[in-house]
Amino acid sequence: MTGQTIAYVRVSSVDQNTDRQRFDGVKVDKIFTDKCSGGTRNRPAIPAKRRDAPVACPKWAYRCRHLVENLWARLKEWRAVATRYEKTATSFLAVIHIAAAADWIKC
């Protein structure tokens, strides 16, 4: 895909000729043309690509995901958690444990 030159030709109505738009001195590998006017909404839709299979997640976990998101939002109020201030993973996990315990006591 690298090294390809792609051109895009657009005319404002279906009756207009696309040949009058030239690419002088430019070698073009592929040309896309669009013959739609700005007044119409009849344009081809780009289909969504689903490359990944849906993740198998239990429904109860999906329903309660807001609880986990809220916990992380409260933990990020701690500056050391939000900025990952600690160098090692062990000390960062200790800060998360302290912040979670303080949040649990506060609730």
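Parameters at a glance
Residues numbered from 1 in each chain as written. Predicted model: local features only at pLDDT ≥ 70, side-chain atom pairs only at ≥ 80, totals over all residues. Heavy atoms only, no water. Axes fitted to C-alpha atoms, helices over the stretch in contact; angles between N-to-C directions. Helix = DSSP H or I, 4+ residues; strand = E, 2+ residues; numbered from the N terminus. Parallel < 35°, antiparallel > 145°, perpendicular 65-115°, else oblique. Contact = heavy atoms within 4.5 Å. Patch = residues over 30% accessible without salt bridge, like charges linked within 9 Å, V, L, I, M, F, W, Y side chains within 5 Å. Areas by Shrake-Rupley, 256 points an atom, 1.4 Å probe, with all protein chains shown as cover. Salt bridge = Lys/Arg side-chain N within 4 Å of Asp/Glu carboxyl O. Buried < 20%, exposed > 50% of the residue type's maximum accessible area, 1.4 Å probe, protein only. Phe/Tyr/Trp six-rings, centres within 6.5 Å; stacked < 30°, edge-to-face > 60°. Lys NZ or Arg CZ within 6 Å of the ring centre and 35° of its normal. Core = buried A, V, L, I, M, F, W, Y, C linked by side-chain atoms within 4.5 Å.

1. Let's talk about the packing of helix α2 (residues 65-75) against helix α4 (residues 89-106)
- Running from amino to carboxyl end, α2 crosses α4 at an angle of 110 degrees, the nearest separation of the two axes being 10 Å. Comparing the axis directions of α2 and α4 gives the class roughly perpendicular. Residues Leu 71, Trp 72, Arg 74 and Leu 75 of α2 form the contact with α4, whose participating residues are Ile 96, Ala 99, Ala 100 and Asp 103.

2. Here we look at a nonpolar patch on the surface
- A cluster of nonpolar side chains, contributed by Ile 6, Tyr 8 and Phe 32, occupies part of the molecular surface with about 320 Å² of accessible area.
- Checked against the element boundaries, Phe 32 lands in strand β2 (residues 30-35).

3. Comments concerning the side chain of Asp 103
- Secondary-structure assignment places Asp 103 in helix α4.
- In this structure Asp 103 touches Leu 71 and Arg 74, once residues within four positions along its chain are discounted.

4. Re the environment of Phe 32
- Judged by its relative accessible area of 39%, Phe 32 is partly exposed.
- Considered as a pair, Phe 32 and Arg 10 are 22 residues apart in the sequence and their alpha carbons are 8.4 Å apart.
- Once you skip the residues sitting within four places of it in the chain, Phe 32 turns out to touch Ile 6, Ala 7, Tyr 8 and Val 9.

5. A short note on the packing of aromatic side chains
- Scanning the model with the defined rule gives 0 aromatic pairs in all.
- A cation sits over an aromatic face here: Arg 84 above Phe 92, 4.4 Å from the ring centre.

6. Concerning the nonpolar core
- Counting 6 residues, the largest nonpolar core consists of Leu 75, Val 81, Phe 92, Val 95, Ile 96 and Ala 99.
- Sorting elements by how many residues they give to this core places α4 first, with 4 residues.
- Apart from residues lying up to four places away in sequence, Leu 75 is in contact with Val 81, Ile 96, Ala 99 and Ala 100.

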